There are 2 protein chains.
Amino acid sequence: MVRKRLHDPVDGRPTVHTVAARAGVSIASASRVLNGLGASDETIRKVRAAAAEVGYVPNAIARSLQSQRTGLVALAVEDIGNPVYVAMMRAIEAVVASSGRQLVVHATGGHIPSETALLRRLANRYVDGMIVSPIRVTNDHLTAMIESPVPVVVIGQLREDAPVDNVRTDSRTGVGLAVDHLVATGRRRIGFVNGPLDTVPGAARDAGFRAALAGHGIEPDERLIEVGDFQYAAGRAAAERLLARATPDALLCANDLIAVGALHALLAGGRRVPHDVALVGMDDTELAQMMFPQLSSVSLGSAERGRRAAELLLQRIAEPALPPRREHVPPALSVRASSEPVAAGPAA
Amino acid sequence: MVRKRLHDPVDGRPTVHTVAARAGVSIASASRVLNGLGASDETIRKVRAAAAEVGYVPNAIARSLQSQRTGLVALAVEDIGNPVYVAMMRAIEAVVASSGRQLVVHATGGHIPSETALLRRLANRYVDGMIVSPIRVTNDHLTAMIESPVPVVVIGQLREDAPVDNVRTDSRTGVGLAVDHLVATGRRRIGFVNGPLDTVPGAARDAGFRAALAGHGIEPDERLIEVGDFQYAAGRAAAERLLARATPDALLCANDLIAVGALHALLAGGRRVPHDVALVGMDDTELAQMMFPQLSSVSLGSAERGRRAAELLLQRIAEPALPPRREHVPPALSVRASSEPVAAGPAA
DNA sequence: TTGTACGCGTTATCAT
DNA sequence: ATGATAACGCGTACAA
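Procedures and definitions
Residues numbered from 1 in each chain as written. Chains lettered and ligands numbered in written order. Predicted model: local features only at pLDDT ≥ 70, side-chain atom pairs only at ≥ 80, totals over all residues. Heavy atoms only, no water. Least-squares fit on C-alpha atoms with pLDDT ≥ 70 in both. Contact = heavy atoms within 4.5 Å. 1 Å grid on protein atoms, 1.4 Å probe; cavity = no way out; pocket = protein on both sides within 12 Å on 5 of 7 lines; lining within 4 Å. Points joined across faces, edges and corners; volume = space filled by probe spheres on them. Nonpolar A, V, L, I, M, F, W, Y, C, P; charged D, E, K, R; others polar. Helix = DSSP H or I, 4+ residues; strand = E, 2+ residues; numbered from the N terminus. Domains from an automatic or database assignment. Buried < 20%, exposed > 50% of the residue type's maximum accessible area, 1.4 Å probe, protein only. UniProt positions renumbered as here; feature names shortened; annotations may be inferred. Buried area = accessible area lost by both parts, 1.4 Å probe. Salt bridge = Lys/Arg side-chain N within 4 Å of Asp/Glu carboxyl O. Polar contact = N/O pair within 3.5 Å; in protein donor to acceptor, adjacent residues only side chain to side chain.

Draft legend 1. Structural context of the relation of the copies chain A and chain B. Superposing chain A onto chain B takes a rotation of 180° combined with a translation of 0.0 Å along the rotation axis, leaving an RMSD of 0.1 Å. Between the two chains, the operation in question is that of a two-fold axis. Considering only C-alpha atoms, the residue of chain A closest to the rotation axis is A:Val104, which sits at 2.2 Å. Here 100% of the contact residues of chain A are again contact residues in chain B; the copies associate through an equivalent surface.

Structure (structure tokens):
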């Protein structure tokens, strides 16, 4: 015989069997009482007492094996320290926690292979679903998402025909809001500090900027356009390059980190903001309000996108057969001191 | 008979049985091959082929039930959006991920009951361990941690005799570094904007401030001390109250968020930084370098504390019998523009 | 080397 | 209402 011990926990912690034995009932009755199902008053009393005495706590893993649910939801983003993703994560965690579930976070470093590997790992079902916000969505991403046995929700742009739940914003239009505002307040030589053009956000913002200028009959001046990374240091460097060769009366930045870098470049170079140069960022993170002067910024609803994505995911977990859904969060411009019209008008 | 189906997965996804049947071997052989244990070349070939054909992926939950390990590690902090915790979380995630595990995050809102409830939930073993950074450690915290079947590591102050792994810094000394620096650069009327005194960090910083002043023979002036919350808005309001009734030549803030608020209050009030008032924050978050002027700040090694805590936890998971350990991360002052000595000396 | 069978801890089904 | 037992999917001790 193999059975050295039968239902006697190896580490001394009580199981249903422990409780059942102590209460003098079957494990079935014990389980029923512990799950609030029907039983006689006497049985209920005995089981409750036994459970309390031994300090019984149900094992989450065993329960998961039975229920085929882990109660976990994953979030995969490039960098969990980036203010945009922090805002998303915060909102997602709130929704997930309020549903009694928990959030598993992954930092992908924007590395495509790690992202797809993560998606493929969903096949082992360590979570009930995943929210992913990739910089770029490849075919590998798509097939991995479609083959996943647990639902995936994408925050960001996605092919129209992709059968995947999706929450997106329209950063192109968002750039337009900023340009319109700057033009309306008398700015004409509008500079643009963008992120890499081979990313989805970078490309969309570039297109939006040129389209918006065209809408006002302004010819784009390539000397007023500079590209760096979506980071503070890169933004500052890019702004410095731009300022060294041109004299904009406004600077639009592809995100708030870049805008903060640009602010440094401007102030260090002796430019007054907004008097000499108006400054507008994007993402409208907490950072924008913390700067002096406070930064105008185009909100792309990061928190709202996170919230909506979490809700979509929870719905689909509950109802897997739902058709793919696509939600839009519109951009909105928050005007603050950094781009307020100045009495004397911009430096001429 | 009950057995409608025997080892035939309900959702159509392959299990070891599927693979074994297809390869014409027993599940034991299949399992062995899939886990890289010994088997004949022929068996290996057949099993590998069968697994590939049906797209077999091991089920994480079943594996956990067997191994008594989830491969998950939890982190519980007040607010996953606070720059300090973001820095910690980033470092922790990196360590955890590099060990092949995953990170579950919890936002406690600084709510004591939720924190202790979270610790008690460890009894159901949904994770292999937890890192927690409580604002305050109650007896409830301690008993919950001690009774937990999985290891807990605390980032922050803890009773000396608490048998719990612990990583801490010395913010009291940290405050001293800042005061020393300010005094050495000619400041005498040093103001202090602190967080709530009934929190561990708030109390430590208050004590440190008074002790440091005493060390320089300076009498603490209560009008130069103000208390708010550890947040931007509260910090700004607190600084405004202080500036309305006193004229400090330096301002020390209990964290960087407060310091940013104070910077706003100073600049909005027409004070020059550092010329009129030197400014020093604490935590040395990324925020400090993003401000203009860049903020001096006392580093309390948030990322380093996170990294060390994660390593302690992983070690203890591997070796549960280890004696409790206590690690210290020393504070360090980063001097930047906001507190650099000014040629003319501070306004007199 | 290979197969049989048990155990992980829980819930659910069936028969009593 | 209660108890015996299958089942979730995996790993492995033991016997062959």
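Having seen it, we continue.
Draft legend 2. Local environment of empty space enclosed by the protein. One pass over the structure, following the stated rule, counts 2 cavities of 30 Å³ or more. Estimated volume of the largest cavity: approximately 40 Å³. Lining the largest cavity are B:Asn82, B:Pro83, B:Val84, B:Asn255, B:Asp256, B:Leu257, B:Asp283 and B:Thr285. Here the lining of the largest cavity is composed, by residue class, of 3 nonpolar, 3 polar and 2 charged. Taken as a whole, the second largest cavity holds about 30 Å³ of empty space. Forming the boundary of the second largest cavity are A:Asn82, A:Pro83, A:Val84, A:Asn255, A:Asp256, A:Leu257, A:Asp283, A:Thr285 and A:Leu287. Elements that contribute at least two residues to the lining of the second largest cavity include exactly α5 (83-98) and α11 (256-268) of chain A. Its residues placed into classes, the lining of the second largest cavity shows 4 nonpolar, 3 polar and 2 charged. For the lining of the second largest cavity, the domains that each give at least three residues are domain 2 (68-169 + 302-329) and domain 3 (171-300) of chain A.

Draft legend 3. Highlighting the side chain of B:Ser302. Residue and element names in this part refer to chain B. Assignment of secondary structure puts Ser302 in helix α13 (residues 302-318). The class for Ser302 is buried, based on a relative accessible area of 5%. Ignoring sequence-local partners within four residues, the contact set of Ser302 consists of Val84, Ala87, Met88 and Asp283.

Draft legend 4. Structural view of the UniProt feature "domain: HTH lacI-type" (unreviewed entry) in chain A. Per the UniProt record, "domain: HTH lacI-type" (unreviewed entry) is annotated on residues 14-67 of chain A. Helix makes up 70% of residues 14-67 of chain A and strand 0%, with an end-to-end C-alpha separation of 21 Å.

Draft legend 5. Inspection of unusual backbone geometry at higher detail. Each neighbour pair has its own omega, and for A:Val273 with A:Pro274 the value is 10°, a cis peptide bond. Note on placement: A:Pro274 falls in the loop between α11 and β9 (278-282). Residues B:Phe292 and B:Pro293 are joined by a peptide bond in cis, for which omega reads 0°. Not every positive phi belongs to a glycine, and A:Asp283 is a case in point at roughly 105°.

Draft legend 6. View of the interface of chain A and chain B. If you look at the interface, chain A gives 45 residues, while chain B gives 45 residues. Three residues, A:Ile61, A:Met290 and A:Phe292, lead the burial of chain A against chain B; their summed loss comes to 17% of the area buried on that side. The interface formed by chain A and chain B includes 2 salt bridges. Where B:Arg90 meets A:Asp79, a salt bridge forms, and the shortest distance between an N and an O atom there is 2.7 Å. Where chain A meets chain B, there are 14 residue pairs in polar contact (both at pLDDT 80 or more).

Draft legend 7. Representation of the pattern of salt bridges within the structure. All names here are of chain B. Tallied over the entire structure, the rule returns 45 salt bridges over all chains. The residue Asp198 makes a salt bridge to Arg136 at a minimum N-O spacing of 3.9 Å. Of this pair, Asp198 sits in the loop between β6 (190-194) and α9 (200-215) while Arg136 sits in the loop between β3 (130-132) and α7 (139-147); the two residues are 62 residues apart in sequence, bridging distant segments of the chain. For Arg136, a relative accessible area of 34% puts it in the partly exposed group.

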